[in-house]
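# Notes for the structure review
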Amino acid sequence: MFDTTNEDSHSAHEFNHANEAHKAQDSGDIRLAVHLYLAAFEEASADGGEPDQSDIDNLRTALELAFDQKERSLAEHIYDRLEPYMTDEELGTYEVRLQNLALDKLSEYGISRTELENVADMISDEIGASVKLRSVTPIAHIEAEAEVIDDDEPEDDEETPQLGDVVPSIEDFMKNPQQAMERIAGAIMGAAQGDDQQAAKAPEKNARKNNVFDFSSLVGFDAAIEAAHGVGLCVDNDPAYTELIKELKAKHGVDGLSGAGSFIVRTSSRDDASHFMDAVVGELGYPAMRVSMVDAGAGVPVLQVNVSSDRHPRFSQGRFQFDTPSTLVLDDVDLWAPQLLEMCLASEVEDQQVAASIRQARESICMLKGAVENPGITVVASVGSDMPDSQALNELLYPMRIVDIYMPTDQERRDIWDQLADRHPSMRCLNRQKLTELSRNLSRCELQLVARDSLEDAYRAGLRAHRYVPVTPDIVFERLASMQPLDSEEFSSLQEAVVQEFRTGIEDLEKELSLLEPSEGTDAPSAQ
């Protein structure tokens, strides 16, 4: 009598899975019930949907059943899905229960809870932070973590140790507590959460092992680094500014400036700004997240989020978690943030795709606002020097501290050419002073591009000639001319330099040919 074909599919999914889960739970098949509850929640969340309260309650029931069955991996997965909908009290309670499951798992290897809790307490006393064990890491991964944490461990090849070699017995621990604690610190700290002090120490060790790109790696950015220090960005590794900050704190009686707000890198060369922000991330040494806009095809722009390997952000419906301290990098924020702000003001529409885009835009803006207001998160954004004044963007990133990156000075360009000559021996024959004069108007990244293209041209010439061919001035001049504005003095100078190099090459060739010709008054050797 009534057409029910258009009923909400969400209710059908809930009936098909949640009701069957209740039946499985009543019949004693707990594991099946847990999976059915989880399936009901996943169905409700599909395609960006928002689960209702019954779906959330069912998922909470599944988590309780997973705890009762001691299904640690399943409980962790359900916890991650349920986390955005928990209260702070529930978060603390479930964290403790997950830790208990992890301790119970280690007890299966003969390591008692008391031993592990004692060691965790000792480590907490050492580092000044609470150590929590949420999950158990496989033995191979434990070795890798221990190798990173222990600076004194020799880097020679050894046999893979057994579990007893990593986690000592209680007798060994009582005989030499210090040595035992060093051996198992990697295993415990590998699974520890909320250890901000470890995150602060990690950059120094990673810099030695992974050659981190930081301010010491930058060439031609001296004025930009000075400007960054002047607004309080990356001053910890500068002794002069460290002393200045101590004096300011003592004179003003203020511990320091508020960490809320953002640092704006403003320049006409967006490539230079991106390169500079890479160094900022390495200089700060915190886990980093980078947000930029890319073309997803068919002219559809989307936000792309990249994170460093040492952070694990949580993307959940209506909630986003940042670890602190951390760094948030926004590439060309002036090109995409106004679009998001404009979408946030739009009203909901019937089209599901448009409505989903509006909802995602609002979530992105909320994420940015939360990061800017969090003093534990350093927000660094790049904008173009020709950016029009945007009140909405200013309010989003306020308070803003501006770092202007101007075109490189003569000295900075000379430093870049000197560095290129040090790296590439085939460029050492070039007149670097002349190149410095002819490369005005070019950004730092454009100079690097000119050098790279010139090296490749000389490389190909060597392949054709079957001998080594250095980077000649005419090759570099041609590349520089292609970068310079046609109406600039540098372009005219480069044209003259190319012609002069060509004439010099002709003269040298004529001299070589004249040496091969017989001199006057000398008979040519007759043919035998």
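Residues numbered from 1 in each chain as written. Predicted model: local features only at pLDDT ≥ 70, side-chain atom pairs only at ≥ 80, totals over all residues. Heavy atoms only, no water.

With that settled, the discussion passes to the overall build of the protein chain. Scanning the protein chain from terminus to terminus reveals 22 helices and eight strands. When each of the 528 residues of the protein chain is scored for burial, the buried share is 38%. For the protein chain, the share of sequence-separated contacts (at least 6 apart) that also reach a separation of at least 24 residues comes to 68%. Here the protein chain displays about 31000 Å² of accessible surface, and carbon together with sulfur accounts for 50% of that area. (Helix = DSSP H or I, 4+ residues; strand = E, 2+ residues; numbered from the N terminus. Buried < 20%, exposed > 50% of the residue type's maximum accessible area, 1.4 Å probe, protein only. Contact = heavy atoms within 4.5 Å. Areas by Shrake-Rupley, 256 points an atom, 1.4 Å probe, with all protein chains shown as cover.)

Looking now at the sheet that holds strand E6 (residues 326-330). Here six strands make up an open sheet; going across it, the order is E3-E2-E6-E7-E1-E8 and the pairing mixed. Across the chains shown, the open sheet's two edge strands, defined by having one partner strand only, are strand E3 (301-307) and strand E8 (400-405). The sheet shows a mean angle of 20 degrees between the axes of neighbouring strands, direction not considered. Pairing geometry for strand E2 (residues 288-295) and E6, over four bridges, is parallel. Residue pairing across strands places Val291 opposite Leu330, the latter belonging to E6. Seen against the sheet, helix H14 (residues 270-284) touches strand E1 (262-267), E2, E6, strand E7 (377-384) and E8 and runs at an angle of roughly 170 degrees to E7. Each of E2, E3, E6 and E7 touches helix H15 (residues 333-344); the most contacted strand, E7, lies at about 105 degrees to it. (Pairing = 2+ DSSP bridges. Axes fitted to C-alpha atoms, helices over the stretch in contact; angles between N-to-C directions.)

Before going further, it helps to examine the side chain of Thr327. For Thr327, the location among the structural elements is in strand E6. If we ignore the near neighbours within four places in the chain, the residues touching Thr327 are Val281, Leu284, Tyr286, Pro287, Ala288, Met289 and Thr378.

The next thing to look at is the packing of helix H2 (residues 30-45) against helix H3 (residues 53-68). Between H2 and H3, the shortest axis-to-axis distance is 9 Å and the interhelical angle comes to 150 degrees. In terms of axis orientation, H2 runs roughly antiparallel to H3. With respect to the hand of their crossing, H2 and H3 are arranged in left-handed fashion. Residue-level contacts link Ile30, Ala33, Val34, Tyr37, Leu38, Ala40, Phe41 and Ala44 of H2 to Asp55, Ile56, Asn58, Leu59, Thr61, Ala62, Leu65 and Ala66 of H3. (Parallel < 35°, antiparallel > 145°, perpendicular 65-115°, else oblique. Left-handed = near helix turned anticlockwise from the far one by under 90°.)

A few words now on the pairing of E8. By the alternation rule, side chains of E8 split into Arg401, Val403 and Ile405, which are all buried, and Met400, Ile402 and Asp404, of which none is buried. Here E1 pairs with E8 via six bridges, running parallel. Paired with Ile264 across the strands is Ile402, a residue of E8.

This part covers the nonpolar core. Ranked by size, the top nonpolar core spans 27 residues in total, and within it Val34, Leu63, Phe67, Ala75, Ile78 and Met86 carry the most contacts. When contributions to this core are tallied by element, the ones reaching two or more residues are helix H1 (9-27), H2, H3, helix H4 (72-82) and helix H5 (88-107). In this structure, Val291, Val333, Ala337 and Cys344 belong to the second largest nonpolar core, which totals 24 residues. (Core = buried A, V, L, I, M, F, W, Y, C linked by side-chain atoms within 4.5 Å.)

A few words now on the state of the cysteines. When the sulfur atoms of two cysteines share a covalent bond, that bond is a disulfide. By the definition in use, this model includes zero disulfides. Note on Cys366: no disulfide assigned, nearest cysteine sulfur contributed by Cys344 at a separation of 7.1 Å. (Disulfide = S-S within 2.5 Å.)

As a further point, take unusual backbone geometry. Here the bond from Tyr398 into Pro399 is cis, since omega is -5 degrees, no more than 30 degrees from zero. Tracing the sequence through the fold places Pro399 in the loop between helix H17 (391-397) and E8. Positive phi is not limited to glycine here, since Lys70 has a value of about 60 degrees. Position of Lys70 among the secondary structure elements: in the loop between H3 and H4. Unlike most non-glycine residues, Asp332 shows phi in positive territory, near 50 degrees. Inspection of the secondary structure puts Asp332 in the loop between E6 and H15.

Turning our eyes to something else, we now look at the pattern of salt bridges. Pairing between side chains becomes possible if they bear opposite charge and their charged atoms approach one another. The tally for this structure, following the rule as stated, stands at 24 salt bridges. For Arg460, the salt bridge identified is with Glu456, shortest N-O distance 3.6 Å. Of this pair, Arg460 and Glu456 both sit in helix H20 (residues 444-465), four residues apart, roughly one helical turn. Residue Arg460 is classed as partly exposed on the basis of its relative accessible area of 43%. Here the residues in one salt-bridge network are Arg452, Asp453, Glu456, Asp457, Arg460 and Arg479, joined through shared partners. (Salt bridge = Lys/Arg side-chain N within 4 Å of Asp/Glu carboxyl O.)

In this model, H15 (twelve residues) spans 16 Å end to end at C-alpha, consistent with the 16 Å of a helix rising 1.5 Å per residue. Of the residues making up H15, those classed as buried are Val333, Asp334, Trp336, Ala337, Leu340, Leu341 and Cys344. (Expected span 1.5 Å × (residues − 1).)

Relative orientation of the contacting elements H20 and helix H21 (residues 473-483) amounts to 140 degrees, with a least axis distance of 9 Å. When the interaxial angle is binned, H20 and H21 end up oblique. Once H20 is placed against H21, the crossing between them reads as right-handed. Residues Glu446, Leu449, Val450, Asp453, Ser454, Asp457 and Ala458 of H20 form the contact with H21, whose participating residues are Ile475, Val476, Arg479, Leu480 and Met483.

Moving on, we get to the packing of aromatic side chains. How two aromatic rings sit relative to each other is set out by the distance from centre to centre and by the angle between their planes. Counted according to the given criterion, the structure contains four aromatic pairs. Between Phe215 and Phe276, the aromatic rings sit 5.5 Å apart at their centres with planes inclined by 25 degrees, giving stacked as the arrangement. Taken together, the residues Phe215 in the loop between helix H11 (196-210) and helix H12 (222-230) and Phe276 in helix H14 connect sequence positions 61 residues apart. No difference in accessibility class separates Phe215 from Phe276, as the two residues are buried. Between the aromatic rings of Phe221 and Phe276, the centroid separation amounts to 6.0 Å while the plane-to-plane angle is 25 degrees, which identifies the pairing as stacked. Of this pair, Phe221 sits in the loop between H11 and H12 while Phe276 sits in helix H14, placing them 55 residues apart in sequence. (Phe/Tyr/Trp six-rings, centres within 6.5 Å; stacked < 30°, edge-to-face > 60°.)

Turning to the environment of Asn441, a few remarks are in order. By secondary structure assignment, the location of Asn441 is in the loop between helix H19 (432-438) and H20. Among the residues examined, Asn441 registers a relative accessible area of 44% and is labelled partly exposed. With 43 residues separating them along the chain, Asn441 and Gln484 place their C-alpha atoms 7.0 Å apart. Apart from residues lying up to four places away in sequence, Asn441 is in contact with Met407, Glu446, Gln484, Pro485, Ser488 and Glu490. A polar contact is formed between the side chain of Asn441 and the side chain of Glu490, at a distance of 3.0 Å. (Polar contact = N/O pair within 3.5 Å; in protein donor to acceptor, adjacent residues only side chain to side chain.)

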